[in-house]
Amino acid sequence: MDKIGRYGFMAEPFHCDFSGRLFMGHLGNHMLNAADFHSTDRGFGMKRLMGMGRSWVLSRLAIEMTEMPQQYTRFNVETWVESAMRYFTSRNFAVVVAQEDPLTPLAPSSPTKILGYGRSIWAMIDTTTRQPTDIFSIDDGAINNWIEKDKPCPIDKGGRVRMSDQAELVREIDTYYNDVDINGHINSVKYIEHVLDLWPIDWYREHAIRRFEIAYVAEAHAGDHLAFYSEQTADQEFCVRICKSVGNASEHCSKDNDIEVARSKVKFQ
């Protein structure tokens, strides 16, 4: 089996925005599905791990696109493990279409066009303690057999999203059933959707998302009250801090009464 997994998807019309291009959240979801397909095929997928009291959780995700797939476009998400350490592993993605006709399935011999790349960091946790656990304890470190170091992923790995104390509270929301994933916490993609909803639709009529990155700091759960603090850090670049309130979920978040759960950076063009 190849170290690189290739999985076909389509930009379904109801997964596209008003411009007819795939929502960033749905693209992120396809990447996470590709990651699960790849790891499952190679013996360290989510279903097997959960039977062992383990699970993968996403720690960081960065997506950088030159072009988003248009509706009905058939594309492949390629994914591979770039490196593995005791508690974290890095996984990359490439979004690929047929160069001549993006509406057709991508044949092995087709000339291809790359629409963008993704980088991610994952941790393996103990589902009881919710603490990181040793990745190499699974099948004597078999994940090392699937590391692919030679395939390029020419986008920035990203780093800590730096924000000042001047970030402005721009929105507060409650969380519900549809926000929660199989790990019992707020779904990684839901954070992406909530962040991108901070800009009005008129903004997106004139701006495209060039790069989106998010780092997950702590878990939030159904019923938690989330606050979003935003700060413009460069031309067409914004950083967002997401916090959950401490205590009663109906309480408003404040800088003195919240726990940071994620940070995000969005670059537009």
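First, a word on scope: everything that follows refers to the structure included in this document. (Residues numbered from 1 in each chain as written. Predicted model: local features only at pLDDT ≥ 70, side-chain atom pairs only at ≥ 80, totals over all residues. Heavy atoms only, no water.)

### A look at the pattern of salt bridges
Now for step 1: Tallied over the full model, the rule gives 17 salt bridges.
Now for step 2: Between Asp 2 and Arg 6 there is a salt bridge, and its shortest N-O distance comes to 3.1 Å.
Now for step 3: Close ionic contact of Arg 210 with Glu 64 constitutes a salt bridge, the shortest N to O distance being 3.8 Å. Within this pair, whereas Arg 210 is found in strand E7 (residues 209-216), its partner Glu 64 is found in strand E2 (residues 54-65), the two being separated by 146 residues in sequence.
Now for step 4: By relative accessible area, which is 29% here, Arg 210 ends up partly exposed. (Salt bridge = Lys/Arg side-chain N within 4 Å of Asp/Glu carboxyl O. Helix = DSSP H or I, 4+ residues; strand = E, 2+ residues; numbered from the N terminus. Buried < 20%, exposed > 50% of the residue type's maximum accessible area, 1.4 Å probe, protein only.)

### A short note on unusual backbone geometry
Now for step 1: The backbone of Tyr 72 shows a phi angle near 75 degrees, a positive value even though the residue is not glycine.
Now for step 2: Structurally, the position occupied by Tyr 72 is in the loop between E2 and strand E3 (74-84).

### Brief notes about the side chain of His 185
Now for step 1: Looking at the element boundaries, His 185 is found in the loop between strand E6 (168-174) and helix H3 (188-196).
Now for step 2: Take His 185: its relative accessible area is 9%, and that puts it in the buried class.

### Quick word on the layout of surface pockets
Now for step 1: One number sums up the size of the largest pocket: a volume of about 630 Å³.
Now for step 2: Lining the largest pocket are 24 residues, with Asp 17, Phe 23, Met 24, Tyr 204 and Ile 209 positioned closest to its centre.
Now for step 3: When residues of the lining of the largest pocket are traced back to their parent elements, those giving at least two are helix H1 (24-41), H3 and helix H4 (201-206).
Now for step 4: A breakdown of the residues in the lining of the largest pocket according to their chemical character gives 12 nonpolar, 6 polar and 6 charged.
Now for step 5: In this structure, the second largest pocket occupies an estimated 490 Å³ of space. (1 Å grid on protein atoms, 1.4 Å probe; cavity = no way out; pocket = protein on both sides within 12 Å on 5 of 7 lines; lining within 4 Å. Points joined across faces, edges and corners; volume = space filled by probe spheres on them. Nonpolar A, V, L, I, M, F, W, Y, C, P; charged D, E, K, R; others polar.)

What is shown is where atoms sit, not what they do.
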